[in-house]
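Architecture and fold: a report
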Amino acid sequence: MPITLEHVTFDCADAAALAGFWAQVLESTVDAEANEFFATVNKEADGPALMFIQVPEERAGKNRLHIDFASTDWAAQVDRIVGLGAKRVGEYDEYGAHWVTLADPEGNVFDLAEVR
């Protein structure tokens, strides 16, 4: 059996709260067992789920791995995600791609690219 990607895991201060933000970004729901210590989004979906685990230490520095998303309705999605609580970090047009880097409520960065 080949290796499969099951979860993308976020260390965080409040698992249920951060899962709630990401569920809204993905227009999904937080899975039923969520609490401040552990939560998941899209556990039953095809493909990897997002997992959130409370850790005692604060995030230090830039995360070395991040998630990239893309949308044909780029500007509206950027505005929607910022409205959910993300912070706009920067906008880039390089390597034949146009994207914005955002930070979630706990400072984890992610990108949203424009599908042209």
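Our structure's up above, just so we're on the same page.
Here we summarise the structure given alongside this text. (Residues numbered from 1 in each chain as written. Predicted model: local features only at pLDDT ≥ 70, side-chain atom pairs only at ≥ 80, totals over all residues. Heavy atoms only, no water.)

Our focus in this paragraph is the overall build of the protein. From N to C terminus, the protein includes 2 helices and 7 strands. Expressed along its principal axes, the backbone C-alpha trace of the protein runs to roughly 40 × 35 × 25 Å. Burial analysis of the protein (116 residues in total) assigns 34% to the buried set. Carbon and sulfur atoms form 54% of the exposed surface of the protein, whose accessible area is close to 7300 Å². (Helix = DSSP H or I, 4+ residues; strand = E, 2+ residues; numbered from the N terminus. Buried < 20%, exposed > 50% of the residue type's maximum accessible area, 1.4 Å probe, protein only. Areas by Shrake-Rupley, 256 points an atom, 1.4 Å probe, with all protein chains shown as cover.)

Before going further, it helps to spend a moment on unusual backbone geometry. Located in the positive-phi region is E27, a residue other than glycine, with phi close to 55 degrees. One non-glycine residue with positive phi stands out, namely N42, at about 65 degrees. As for its position among the elements, N42 is in the loop between β2 (38-41) and β3 (49-54).

Position of Q77 relative to the elements: it lies in helix α2 (residues 74-84). Q77 sits in the buried class, given a relative accessible area of 19%.

A few words now on the nonpolar core. Among the nonpolar cores identified, the biggest contains 21 residues, and F21, W22, F52, I81 and F110 are the most heavily contacted of them. For this core, the elements supplying multiple residues, two or more each, are β1 (7-12), α1 (15-25), β2, β3, α2, β6 (97-103) and β7 (109-114). When residues in this core are grouped by element, the largest group, 7 residues, is from α1. Residues within four places of F52 in sequence aside, it is in contact with F10, C12, A15, L18, A19, W22, F37, F38, A39 and V41. (Core = buried A, V, L, I, M, F, W, Y, C linked by side-chain atoms within 4.5 Å. Contact = heavy atoms within 4.5 Å.)

Right, let's get into the sheet that holds β7. Strand order across the open sheet formed by 4 strands is β4-β7-β6-β5, with mixed pairing between neighbours. Strand pairing shows two members of the sheet lacking a second neighbour, β4 (67-71) and β5 (87-94), which therefore form its edges. Sheet twist, expressed as the mean angle between neighbouring strand axes with direction ignored, is 25 degrees. When β5 meets β6, the two strands line up antiparallel, connected through 7 bridges. Bridged to R88 within β6 is L102. (Pairing = 2+ DSSP bridges. Axes fitted to C-alpha atoms, helices over the stretch in contact; angles between N-to-C directions.)

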